[in-house]
Amino acid sequence: MNAGPRLLRHRLSCAGVSSVTALLLCLLTTAATAQCPLTQESTFAHAEIGPVKVFRDTPSNAIAFASQMQVNTDGAPDSYHPDDIGITHICNGVSVGPACTWKAQCLPEFRQARAEGFRGPQKICFFAMATDAAGVPIIQGATDPRPGYFVSTTALKQPGQNPRTPQAQLDSNTVPFAVIPGTWQSSGRPGPRLGDFGVAWRRSNGKLATFVVGDTGPRSKLGEGSVALHQALGNDPFMDRFGVRRARKGIGGRDVVYLLFPGSARAGESIDAAAIERAAAPLLEGFGGVERLKSCSAVLGN
């Protein structure tokens, strides 16, 4: 079909739009839809930014959506420290009480439990740190990357390593990884799971980065990445917080377009930035390359 009939069809579909700005946006979005035929499969109820539309590209089976990107430091050797001087606040990795309830202000309970050697009546549940058989958090030793810090964990492990060691985790500082809701991993829907590869494109600066799905997170949030992934997209997440260097500054709005490839995981291979690039780059090309990804951006919403 030549450009004339296609443009006429776009104009007809936007005929009821009154303002010039809204009309231009409608025309651009309609044109992008024609160039990037994605199918909306579901809507994710995001707790912070509202509904996020999740699309599928039938030829490549890729999943696409646009969301924010919060910071996930899990797996970094300097993530959590008993004195709360890690790059993440200790309360981000624990919950408290018999029911393991997460609290943003958990320090009183954490300090009490620490004074009891984590074996007393004050219950602390560690969901982002390795523990021994008794549930006591493991402290890195002299030969580990950051002696004195807890062993921060990721759901995806490096092959052939003791899962309770720093060496088994994906280091957030060096490995570009994204996080999916735990319900996606457990249900297998809409498809992406741990170990699968993907690409992130940041709308505001045009930066592109490849990633692996390396961790799982809350069921009500979609859009989270490692320190390395943030930096690859041009965001420095570090800031001073009451005298402590923390990785807190995320990418807001729906500035990041995520493209994930279900079933692309490679079992038994060590995971680093170079390996991720080698695996994800051909998948992006199979999708249609970065230009097609950009053209799909308008379809995914703002």
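These figures come from a predicted structure and were not determined experimentally. (Residues numbered from 1 in each chain as written. Predicted model: local features only at pLDDT ≥ 70, side-chain atom pairs only at ≥ 80, totals over all residues. Heavy atoms only, no water.)

A. Broad picture of the nonpolar core. Within the largest apolar cluster, 20 residues are counted, with the highest numbers of intra-cluster contacts made by Phe65, Phe211 and Leu233. Of all elements in the fold, only strand 2 (50-57), strand 3 (62-72), strand 6 (177-181), strand 8 (208-217) and strand 12 (251-261) reach the threshold of two or more residues within this core. It is strand 12 that contributes the most residues to this core, four residues altogether. If you look at the next biggest cluster of nonpolar residues, it comprises 17 residues, including Cys36, Leu38, Ala64 and Trp201. (Core = buried A, V, L, I, M, F, W, Y, C linked by side-chain atoms within 4.5 Å. Buried < 20%, exposed > 50% of the residue type's maximum accessible area, 1.4 Å probe, protein only. Helix = DSSP H or I, 4+ residues; strand = E, 2+ residues; numbered from the N terminus.)

B. Inspection of the side chain of Asp57 at higher detail. Mapped onto the elements, Asp57 comes out in strand 2. Apart from the residues within four sequence positions on either side, Asp57 is in contact with Pro37, Leu38, Ala62, Phe287 and Arg292. (Contact = heavy atoms within 4.5 Å.)

C. Just the packing of aromatic side chains, in detail. In the structure shown here, the tally under the stated rule is eight aromatic pairs. Residues Phe110 and Phe150 carry aromatic rings whose centres are separated by 6.4 Å and whose planes lie at 90 degrees to one another, so their mutual orientation is edge-to-face. Here Phe110, found in helix 3 (residues 107-115), pairs with Phe150, found in the loop between strand 5 (124-126) and strand 6; they are 40 residues apart in sequence, far enough to count as distant. Each ring, one from Phe118 and one from Phe126, has its centre 5.4 Å from the other, and the planes form 75 degrees; the classification is edge-to-face. Judged by its relative accessible area of 17%, Phe118 is buried. Put simply, the rings of Phe44, Phe65, Trp184, Phe211 and Tyr258 pair up and form one aromatic cluster. In this arrangement the basic side chain of Arg245 is found over the ring face of Phe238, its NZ or CZ atom lying 3.6 Å from the centre. Above the ring of Phe287, the side-chain terminus of Arg292 is found at 4.3 Å from the ring centroid. (Phe/Tyr/Trp six-rings, centres within 6.5 Å; stacked < 30°, edge-to-face > 60°. Lys NZ or Arg CZ within 6 Å of the ring centre and 35° of its normal.)

D. Region of interest: the pattern of salt bridges. Counted according to the given criterion, the structure contains ten salt bridges. Its salt-bridge partner being Arg292, residue Asp57 comes within 2.8 Å of it at the nearest N-O pair. A residue pair is termed long-range when its members are at least 10 positions apart, and Asp57 in strand 2 and Arg292 in helix 7 (residues 289-300) qualify at 235 residues. Residue Asp57 shares its accessibility class with Arg292, and that shared class is buried. Lys103 serves as the salt-bridge partner of Glu109, at 2.5 Å between the closest nitrogen and oxygen. What makes Glu109 buried here is its relative accessible area of 17%. (Salt bridge = Lys/Arg side-chain N within 4 Å of Asp/Glu carboxyl O.)

E. Up close: the state of the cysteines. Taken as a whole, this structure holds three disulfides when the rule is applied. Note that Cys36 is cross-linked by a disulfide to Cys296, the S-S spacing being 1.6 Å. Its S-S torsion of approximately 85 degrees makes the covalent link between Cys36 and Cys296 right-handed. Of this pair, Cys36 sits in the loop between helix 2 (20-35) and strand 1 (39-46) while Cys296 sits in helix 7, placing them 260 residues apart in sequence. Here Cys36 matches Cys296 in class, with each residue buried. Covalently, Cys91 is tied to Cys106 through a disulfide, its sulfur atoms 2.1 Å apart. In this structure, the disulfide formed by Cys91 and Cys106 twists by about -100 degrees around the S-S bond and is classed as left-handed. Here Cys91 is found in the loop between strand 3 and strand 4 (94-96), whereas its partner Cys106 is found in the loop between strand 4 and helix 3, with 15 residues between them in sequence. Accessibility expressed as a relative area gives 0% for Cys106, which makes it buried. (Disulfide = S-S within 2.5 Å.)

F. Looking closely at the environment of Ser187. Of note, Ser187 is situated in helix 4 (residues 182-187). Engagement of the side chain of Ser187 in a polar contact is seen with the backbone oxygen of Thr183, the distance being 2.7 Å. A distance of 3.1 Å separates the side chain of Ser187 from the backbone nitrogen of Arg189, its partner in a polar contact. (Polar contact = N/O pair within 3.5 Å; in protein donor to acceptor, adjacent residues only side chain to side chain.)

G. Molecular detail of helix 3. For helix 3, the full list of buried residues reads Leu107, Glu109, Phe110 and Ala113. Along the long axis of helix 3, the arc covered by the buried residues comes to 160 degrees, so they all point the same way. Residues of helix 3 that are exposed and angled more than 90 degrees away from the buried face: Pro108, Arg111 and Ala115. Among the structural elements, strand 4 and strand 5 are those in contact with the buried residues of helix 3. (Arc of directions from axis to C-beta.)

H. Spotlight on the side chain of Ser264. Tracing the sequence through the fold places Ser264 in the loop between strand 12 and helix 6 (273-287). Taking relative accessible area as the criterion, Ser264 reaches 14% and is therefore assigned buried. Among the polar contacts listed, one links the side chain of Ser264 to the backbone nitrogen of Phe197, at a separation of 2.9 Å. Non-local contacts of Ser264, meaning those with residues more than four positions away in its chain, are made with Asp196, Phe197 and Leu283.

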